[in-house]
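The lines below spell out each chain.
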Amino acid sequence: MKPGIHPAYGPVVFRDSASGFAFLTRSTMTSDKTVVWEDGATYPVVDVEISSASHPFYTGNARVVDTAGRVERFERRYGAR
């Protein structure tokens, strides 16, 4: 690899904001927020909205999300059959 053109690659904690699940891995992502990990070291933490701990495919819990009444709007437009 050419020196000086690649982003820094180091340990980062990714934390699922929906379930609180966190895991330590290596990434080029950075963050100003930090967290003290189980080993006592401080790592940057990146909050993510969804991970395998909260995704319906992995958990088996299906959630119906109706944003802005799309089902009702569809039924008004085409009628409930």
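What counts as what
Residues numbered from 1 in each chain as written. Predicted model: local features only at pLDDT ≥ 70, side-chain atom pairs only at ≥ 80, totals over all residues. Heavy atoms only, no water. pLDDT = per-residue confidence, 0-100. Helix = DSSP H or I, 4+ residues; strand = E, 2+ residues; numbered from the N terminus. Buried < 20%, exposed > 50% of the residue type's maximum accessible area, 1.4 Å probe, protein only. Contact = heavy atoms within 4.5 Å. Salt bridge = Lys/Arg side-chain N within 4 Å of Asp/Glu carboxyl O. Polar contact = N/O pair within 3.5 Å; in protein donor to acceptor, adjacent residues only side chain to side chain. Pairing = 2+ DSSP bridges. Patch = residues over 30% accessible without salt bridge, like charges linked within 9 Å, V, L, I, M, F, W, Y side chains within 5 Å. Areas by Shrake-Rupley, 256 points an atom, 1.4 Å probe, with all protein chains shown as cover. Lys, Arg positive; Asp, Glu negative; His and termini not counted. Charge placed at Lys NZ, Arg CZ, Asp CG, Glu CD.

Turning our eyes to something else, we now look at the confidence of the model for the chain. Low pLDDT means the predicted coordinates in that region are not meant to be read closely. Within the chain, residue pLDDT values average 83, and 79% of them lie at 70 or more. Of all the helices and strands in the chain, helix α1 (residues 56-59) carries the lowest mean pLDDT, 64, while strand β3 (residues 34-36) carries the highest, 95.

Turning next to the environment of V13. Considering the arrangement of structural elements, one finds V13 in strand β1 (residues 10-16). In this structure V13 comes out as buried when scored by relative accessible area, which is 1%. Between the alpha carbons of V13 and S31 there is a distance of 9.8 Å; along the sequence they are 18 residues apart. Not counting the four nearest positions on each side in its chain, V13 is found in contact with A22, F23, L24, V35, W37, Y43, P44, V45 and V46.

Under the counting rule described, the total for this entry stands at 2 salt bridges. The residue R15 makes a salt bridge to D47 at a minimum N-O spacing of 2.8 Å. Of this pair, R15 sits in strand β1 while D47 sits in strand β4 (residues 42-48), and the two are 32 residues apart along the sequence. With a shortest N-O distance of 2.7 Å, K33 and D47 are connected by a salt bridge. Placement of K33 in the loop between β2 (22-27) and β3 and of D47 in strand β4 is noted, with a sequence separation of 14 residues between them. Overall, K33 belongs to the partly exposed group, its relative accessible area being 45%.

On to the side chain of D16. With respect to the helices and strands, D16 occurs in strand β1. Among the polar contacts listed, one links the side chain of D16 to the backbone nitrogen of A18, at a separation of 2.9 Å. Sequence-distant contacts of D16, that is, excluding residues within four places in its chain, are made with F21, V48, E49, I50, S51, A53 and S54.

This paragraph deals with the pairing of β2. Sheet analysis places β1 next to β2, joined by 6 bridges and oriented antiparallel. Bridging across to β2, P11 finds its partner in R26. Joining the antiparallel neighbours β1 and β2 is a turn of 5 residues, in which G20 adopts a positive phi near 85°.

Taken together, the side chains of R70, R73, R76 and R77 define a basic patch exposed on the protein surface. Tracing the sequence through the fold places R77 in helix α2 (residues 70-78). Residue R77 is classed as exposed on the basis of its relative accessible area, which comes to 58%.

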